[in-house]
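# Structural description and commentary
So you can see what is in the structure, the chains are spelled out below.
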Amino acid sequence: MKTISIAILDSGVNCKHEAFINQTINGFSLIIENGVVREDSDFNDILGHGTAIYYLLNKGLSKSFCSITNIKINTSTNGVDYDDFCLYLEYIEKNYSFDIINISMGITRIGSTYRMQRICSKLYEKGTLIVSAYDNNGAVSFPAGLKNVVGVDGNDTIPTSQIRYNQKGIINAEGRLSNLRVPWTTPKYNIVKGTSFLCAKVTAELASRKCNGEITNITIEEKDNVDTLCGLPFKISKAAVFPFNKEIHSLARYENLLDFQIVSYYSLRETGCVGKRISEITNIPNEKVIDNICNINWDSFDTLILGHCKAIDSLINGCCFDDLYEKANKFDKNIYCFDLPKDITKEGRAQVYCPKLYNKDVLYNKGKLFMTNKPTVCVVGTSSNQGKFTLQLKIREKLLGVGYKVGQIGTEPSSLLFGMDAVFPLGYMSTVDIYWENIFSVTNKLIWNITNKDVDIIIGGTQAGLLPYNNRNIHNIPIKHRIFLEAFSPDTIILCVNPYDDLKFVNKTIKAAEGLTGAHILGAVCYPITYESNWKGNFGKTRRITQEEFVLIREQYIKELDLELFLLDTDMDINRLINKIITFYHQ
């Protein structure tokens, strides 16, 4: 029978407690001075938590095959500092070899976990099994949520005497949380309940299994297809785009933000765009001429970007698309699709990418959420078609230009093409088909993936309006966009408005945004297009507002809402907005 060495990383032990009479208790303290860790022989517990953990673990073990070392670290009721925690683990990895380390604590709101993951993986490779408790309030905490760590959580459906081990997901061991009477400091005994104390029970059971040779380490499989929204499976050097429609405008306007070259834009002859410069049919300063898709030059690009095609299917009965897919496959071209037709949904087509997601792709983790400590900014609006994605691209361009590391989630299917970190297409013809609660968890996971890249700021944005103009039909209610906003949990919000928006409605939208997130409304950005005042209303002719009109609207926003207003297509205004974002987070 093998002897198992266990370390308890906690607040030490009250060795003079009556529960430990005639017991020899081993341990030491780790103290950090000027970034250097040193040992001290005094590991007396003043909090009580470590005393309880040692009592429970010691009680559940046979002294003949287990040795316990208590390692006191600098803890408080507010937890432990992330950098200090990493220093402690690095010191242990370098100087000791334990079979199991019990960590009945964790950190929730942090940035990148790269350093902690690296040290935990090194310990795992040495044969050390780390057993760590999850946050009692339900969040993902660390190191429990890391790979190669046994994360322990409560589950009231499991009998008190049992522990259930999971091979999938981030929760690796579960058990019932029970009230326990344990030795403490002040008071002498305490009634406790929580994952910390369940963690000690799991450690004791795993130690017994290790001793008997039943396990060496726990095999943990984590499968989460949400990561398919976080990057392209192929590199793009030169691209052709088809068809030229509204969703392609951002690509044409912001080619400077792409890390590849668009060599051609194509459309159908029936659309009336063929042979015209982009600047002729839009207000985009791009002089490329839109060519007929029948004249596509397959030798000039490596990737075909297919925008939303179903809207023009009726013009050609879909046969053109079948031909495009067949020829793209024949000429070994990558395809980036905004919507994925049925005939290319077969698995194994590595050269075809569409940002799609289904419920089966979402890893179940009992609703646990990641907590980021990165600054977050979200763009929301009072309606659809306000340039919200354009504003996000402008903010990205400006912040990157002054040296910030920008993390970003885009809800337009083209988002990854601009180098954004994740795409979550929730708008027009969405390829995301998941339950509403999964929208929350997926958004949260995407933000966490970006957090781990150690960026300076995270940007996102909703689609449609945050509130409906009327609630006469369920399709008018932007439920998934509200869920996205609440899951994004921004520190600040930038509100997109129309020149003709009623200020009472704008104020309601502001209150809704503040109520859902607790965020600060940093300012409003006015879309520069309005409608002619005639009987046609929103179906009539549009025009750009004059500078005089904007000045009057801006004065109203300041007077009635105490909110600064910026104009979307005015570079000076956008620069002022960027300075306001930077100033807010530097204060």
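Here's a quick rundown of the structure. (Residues numbered from 1 in each chain as written. Predicted model: local features only at pLDDT ≥ 70, side-chain atom pairs only at ≥ 80, totals over all residues. Heavy atoms only, no water.)

A separate point is the packing of helix α12 (residues 503–517) against helix α13 (residues 547–561). Following both chains from N to C, one finds α12 and α13 inclined at 55 degrees, their axes separated by 11 Å at the closest point. If you check the angle between α12 and α13, you find them oblique. Of the two possible hands of crossing, α12 and α13 adopt the one that is right-handed. Facing Leu503, Val506, Asn507 and Ile510 of α12, the residues of α13 in contact are Gln556, Tyr557, Glu560 and Leu561. Residues of the contact of α12 with α13, tallied by class, amount to 5 nonpolar, 2 polar and 1 charged. (Axes fitted to C-alpha atoms, helices over the stretch in contact; angles between N-to-C directions. Helix = DSSP H or I, 4+ residues; strand = E, 2+ residues; numbered from the N terminus. Parallel < 35°, antiparallel > 145°, perpendicular 65-115°, else oblique. Left-handed = near helix turned anticlockwise from the far one by under 90°. Contact = heavy atoms within 4.5 Å. Nonpolar A, V, L, I, M, F, W, Y, C, P; charged D, E, K, R; others polar.)

Here we take up the packing of helix α9 (residues 388–401) against helix α14 (residues 571–586). A pair of packed helices can be characterised by two numbers: the angle between their axes and the separation between those axes. Between α9 and α14, the shortest axis-to-axis distance is 10 Å and the interhelical angle comes to 70 degrees. Judged by the inter-axis angle, α9 sits roughly perpendicular to α14. Here α9 runs over α14; the crossing is right-handed. On α14, the residues that touch Leu391, Lys394, Ile395, Lys398 and Leu399 of α9 are Asp571, Ile574, Asn575, Leu577, Ile578, Ile581 and Ile582. A per-class count over the contact of α9 with α14 returns 8 nonpolar, 1 polar and 3 charged.

What follows concerns the pairing of strand β7 (residues 129–133). Within a regular strand, side chains alternate between the sheet's two faces. The buried fraction of β7 is high, at 5 of 5 residues. Burial along β7 is two-sided: the residues Leu129, Val131 and Ala133 and Ile130 and Ser132 are all buried. Across 4 bridges, strand β5 (residues 100–103) lies against β7 in parallel orientation. Its bridge partner being in β7, Ile101 is matched across the sheet by Ile130. (Buried < 20%, exposed > 50% of the residue type's maximum accessible area, 1.4 Å probe, protein only. Pairing = 2+ DSSP bridges.)

Relative to the assigned elements, Asn26 resides in strand β2 (residues 26–33). In sequence terms Asn26 and Gln117 are 91 residues apart; their C-alpha atoms lie 28 Å from each other. Those residues in contact with Asn26 that sit more than four places away from it in its chain are Phe43, Ile68, Thr69 and Asn70.

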